[in-house]
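# Close look at the chain arrangement
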Amino acid sequence: MSEASFACMINCMDGRTQEPVIQFMKQKLGVSYVDAVTEPGPIRYLAEGDSPWVENIRACCDISVVKHRACAIGIVGHYDCAGNPVEQGIQMKQIDDAVRRVRSWYPALPVYGLWVDASWRVEEVIADIPQ
Ligand SMILES: [Zn+2]
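Residues numbered from 1 in each chain as written. Predicted model: local features only at pLDDT ≥ 70, side-chain atom pairs only at ≥ 80, totals over all residues. Heavy atoms only, no water.

Moving on to the overall build of the protein. For the protein, the helix and strand inventory stands at 4 helices and 5 strands. Tracing the protein from N to C terminus, the helices and strands come up as β-α-β-α-α-β-α-β-β. Taking 14 Å as the expected radius of gyration for a compact globule of 131 residues, we find that the protein reaches 13 Å, a close match to that expectation. Dimensions of the protein, computed from C-alpha atoms along their principal axes, come out at roughly 45 × 30 × 25 Å. Pairs at least 24 apart in sequence give 69% of the contacts found in the protein among residues at least 6 apart. Entry remark: accessible area of the protein is about 6,800 Å², with carbon and sulfur atoms responsible for 51%. Of the charged side chains in the protein, 12 are positive and 17 negative; the average position of the first set lies 4 Å away from that of the second. (Helix = DSSP H or I, 4+ residues; strand = E, 2+ residues; numbered from the N terminus. Rg over C-alpha atoms; globule rule 2.2 N^0.38 Å. Contact = heavy atoms within 4.5 Å. Areas by Shrake-Rupley, 256 points an atom, 1.4 Å probe, with all protein chains shown as cover. Lys, Arg positive; Asp, Glu negative; His and termini not counted. Charge placed at Lys NZ, Arg CZ, Asp CG, Glu CD.)

The next thing to look at is helix 4 (residues 88-105). With 18 residues, helix 4 ought to run about 26 Å at 1.5 Å a step, and its terminal C-alpha atoms sit 26 Å apart, in line with that. Residues of helix 4 that are buried include every one of Gln-91, Gln-94, Ile-95, Ala-98, Val-99, Val-102, Arg-103 and Trp-105, and no others. Elements in contact with the buried residues of helix 4: strand 1 (6-12), helix 2 (42-48), helix 3 (52-67), strand 3 (73-78), strand 4 (111-116) and strand 5 (122-128). (Expected span 1.5 Å × (residues − 1). Buried < 20%, exposed > 50% of the residue type's maximum accessible area, 1.4 Å probe, protein only.)

Moving on to the coordination of the zinc ion. Only Cys-12 (SG), His-78 (NE2) and Cys-81 (SG) from the protein coordinate the zinc ion, and they sit 2.0 to 2.2 Å from it. Of note, the donors binding the zinc ion are all from one chain and are spaced C-x65-H-x2-C. With a gap of 66 residues between them, Cys-12 in strand 1 and His-78 in strand 3 connect regions that are remote in the sequence. (Donors = N, O, S within 2.8 Å, 3.2 Å for Na, K, Ca; no water.)

With respect to the helices and strands, Asp-14 occurs in the loop between strand 1 and helix 1 (18-29). Within the local environment of Asp-14, its side chain forms a polar contact with the side chain of Arg-16, the two groups lying 2.8 Å apart. Contacts of Asp-14, omitting those with residues within four sequence positions, involve His-78 and Asp-80. (Polar contact = N/O pair within 3.5 Å; in protein donor to acceptor, adjacent residues only side chain to side chain.)

Remark: a regular strand shows side chains that alternate across the two faces of the sheet. For strand 3, the buried fraction is high: 6 of the 6 residues fall into the buried class. The alternating pattern of strand 3 places Ile-73, Ile-75 and Gly-77 and Gly-74, Val-76 and His-78 on opposite faces, both of which are buried. As defined by bridge partners, strand 3 adjoins strand 4 across 6 bridges and the pair is classed as parallel. Counterpart to His-78 in the pairing with strand 4 is Val-116. Following the backbone out of strand 3, through helix 4 and into the adjacent parallel strand 4, one traces a crossover that is right-handed. (Pairing = 2+ DSSP bridges. Right-handed = clockwise from strand over helix to strand, strands pointing away.)

Structure below.
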């Protein structure tokens, strides 16, 4: 029996963004499964600072990283986000801040910032790879 391989995504709860991001991360990283940590517009919370939302996100990520040995984390912003209804430029800054925060939690893991556009295509906007 071969061991399953995992990555972890911090995604919006939006149903339109789940499958595209899972497929993108599976192809990019060659993993079997992508653990899903979902909140409405999580990049906003991760960019703003400590809060119960951020604590919950971190607790979920810890399970993925510790129990499933997730090899990387993807953080997702997307077009038409109901939970974080701000323009793309602001979301890009939030993704940047969110990647920085999650990087501080897991210094050894690659952390990717991903954008899902109006066609539900996934674009990698940041790749923060430890040396
Ligand atoms: Zn959303």
